Amino acid sequence: MFGRTWRGVKRLGAPATRAFPKDEVVEGGRAIGRLIAAVRQGRPGDPRFRLHEDRRFDLEATAFLHGLSLHQLEAVLWRRQRQTAVAAYIAFGFGWVFFLLWLFEAATTPWSSWRILPVLEFAPFCVFLFLIAFRSALQNYQIRMRRLATAGEYLDTSGQFWPS
């Protein structure tokens, strides 16, 4: 009787064990262990760019640390500036498209308790796209000015607001 019960329990538990393969769980545990060890070592922050005290990019030191010439680093920055401009405009455009779709849905949906929830659930996508556009535009501004800038400093700019 015990053997038959044990086989039944194993048969019921088999799908759960297939959903969490042992090898993947062990590898995930090892990856978490490596991440914890890296945090405990106190590795320094992002070493991609060196900065002067006034938050300007130190291009010479950054190029040296990455084994690039100053001209190569300038080319990389120019390419990244173009990528952030394109990303900002695309996200901004999609944000407006989704916002207009959200307005249309809000205007045409009858206001009942079960129909209003989808309209409200759609709004975070618009906000998300506008935030992505803003982040890309801020990165573009930082690359153009060759210095770190806060969001407030970026919003205070007059003629250099739009990504290029």
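The rules behind each value
Every chain is numbered independently, its residues counted from 1 as its sequence is written. pLDDT decides what is reported in this predicted model: residues at 70 or higher carry local features, side-chain atom pairs at 80 or more are listed and counted, and totals for whole chains, interfaces and linings draw on all residues regardless. Calculated side-chain values reflect all of the structure's heavy atoms, with hydrogen atoms and water omitted. Working convention: axes come from line fits to C-alpha atoms, limited for helices to the stretch in contact. Angles between N-to-C directions cover 0 to 180 degrees. Only DSSP runs of H or I reaching four residues or more are called helices, and only runs of E reaching two or more are called strands; each is numbered from the N terminus. Should an angle fall under 35 degrees it is taken as roughly parallel, and over 145 as roughly antiparallel, whereas 65 to 115 is taken as roughly perpendicular and any remaining angle as oblique. Here, residues are in contact when the closest pair of their heavy atoms is within 4.5 Å. Exposure above 30% relative accessible area and the lack of any salt bridge qualify a residue for a patch; like charges then connect within 9 Å, and the nonpolar side chains Val, Leu, Ile, Met, Phe, Trp and Tyr within 5 Å. Accessibility throughout is a Shrake-Rupley quantity obtained with a 1.4 Å probe, and a residue counts as covered only by protein chains that appear here. Here, a salt bridge means any Lys or Arg side-chain nitrogen found within 4 Å of an Asp or Glu carboxyl oxygen. What makes a crossing left-handed is the near helix being turned counterclockwise from the far one by less than a right angle; a clockwise turn instead makes it right-handed. Aromatic rings from Phe, Tyr and Trp, taking only the six-membered ring of Trp, are treated as a pair when their centres fall within 6.5 Å; an angle between ring planes under 30 degrees marks them as stacked, one over 60 as edge-to-face, and anything in between as tilted. Exposure is judged per residue with a 1.4 Å probe applied to protein chains only, and the accessible area is read against the type maximum: over 50% gives exposed, under 20% gives buried, and values in between give partly exposed. For a helix, the expected span equals 1.5 Å multiplied by the residue count minus one. Each residue carries a pLDDT score, the predictor's confidence in it, ranging from 0 to 100. Polar contact is defined as a pair of N or O atoms within 3.5 Å, subject to the rule that within protein one atom must be able to donate a hydrogen and the other to accept it, and that residues adjacent in sequence are counted only when both atoms are side-chain atoms.

**Let's talk about the packing of helix α3 (residues 59–66) against helix α4 (residues 70–108)**
Thinking step 1. At their nearest, the axes of α3 and α4 sit 9 Å apart, and the two run at 100 degrees to each other. Comparing the axis directions of α3 and α4 gives the class roughly perpendicular. Contacts from L59, E60, T62 and A63 of α3 reach α4 at L70, L73, E74 and L77.

**Describing a nonpolar patch on the surface**
Thinking step 1. Together, Y89, F92, W96, L100, L103 and W162 make up an exposed nonpolar region whose accessible area comes to about 620 Å².
Thinking step 2. Secondary-structure assignment places Y89 in helix α4.

**Points about the packing of α4 against helix α5 (residues 113–145)**
Thinking step 1. For the pair α4 and α5, the least separation of the axes is 8 Å and the interaxial angle reads 160 degrees. When the axes of α4 and α5 are compared, the pair comes out roughly antiparallel. The hand of the α4/α5 crossing is left-handed.

**Quick word on the packing of aromatic side chains**
Thinking step 1. A full pass over the atoms with the stated rule returns 10 aromatic pairs.
Thinking step 2. Note on W96 and F130: the rings are 5.6 Å apart at their centroids and 80 degrees apart in plane angle, and the pair reads as edge-to-face. With W96 in helix α4 and F130 in helix α5, this residue pair connects regions lying 34 residues apart in the sequence.
Thinking step 3. Judged by its relative accessible area of 40%, W96 falls in the partly exposed class.
Thinking step 4. Using a relative accessible area of 24% as the deciding quantity, one classes F130 as partly exposed.
Thinking step 5. Each member of the aromatic cluster is reached from another via a ring pair, and the members are F92, W96, F99, W102 and F130.

**Notes on α4**
Thinking step 1. Along its 39 residues, α4 runs 57 Å from first to last C-alpha, staying within 8% of the 57 Å computed at 1.5 Å per residue.
Thinking step 2. Residues of α4 that are buried: L73, L77, Q81, T84, A85, A88, A91, G95 and A106.
Thinking step 3. Buried positions along α4 lie against α3 and α5.

**What about the environment of F125?**
Thinking step 1. By the secondary structure assignment, F125 is in helix α5.
Thinking step 2. Between the C-alpha atom of F125 and that of G95, which follows or precedes it by 30 residues, the distance is 7.9 Å.

**Some points on the side chain of T84**
Thinking step 1. By secondary structure assignment, the location of T84 is in helix α4.
Thinking step 2. When residues no more than four places from it in sequence are discounted, the contact partners of T84 are S136, Q139 and N140.

**Focus on the environment of V127**
Thinking step 1. Positionally, V127 belongs in helix α5.
Thinking step 2. As for V127 and W96, which are separated by 31 residues in sequence, their C-alpha atoms are 9.9 Å apart.

**Section: the pattern of salt bridges**
Thinking step 1. Taken as a whole, this structure holds four salt bridges when the rule is applied.
Thinking step 2. A salt bridge links R56 to D54; the shortest N-O distance between them is 2.7 Å.
Thinking step 3. Residue classification places D54 among the partly exposed positions, given a relative accessible area of 43%.
Thinking step 4. The salt bridge involving R147 is made with E153; its shortest N-O contact spans 3.3 Å.
Thinking step 5. Within this structure, R55, R147 and E153 form a network of salt bridges that share partners.

**A short note on the confidence of the model for the chain**
Thinking step 1. Across the chain, pLDDT averages 81, with 84% of residues at or above 70.
Thinking step 2. For the chain, the element scoring lowest by mean pLDDT is helix α1 (residues 2–19), at 65; α4 scores highest, at 91.

**Quick notes on the side chain of T157**
Thinking step 1. The residue T157 is located in the segment after α6 (151–155) in this model.
Thinking step 2. On the basis of relative accessible area, T157 is assigned to the buried category, the value being 17%.
Thinking step 3. Looking at T157, its side chain comes within polar contact range of the main-chain oxygen of Y154, at 2.7 Å.

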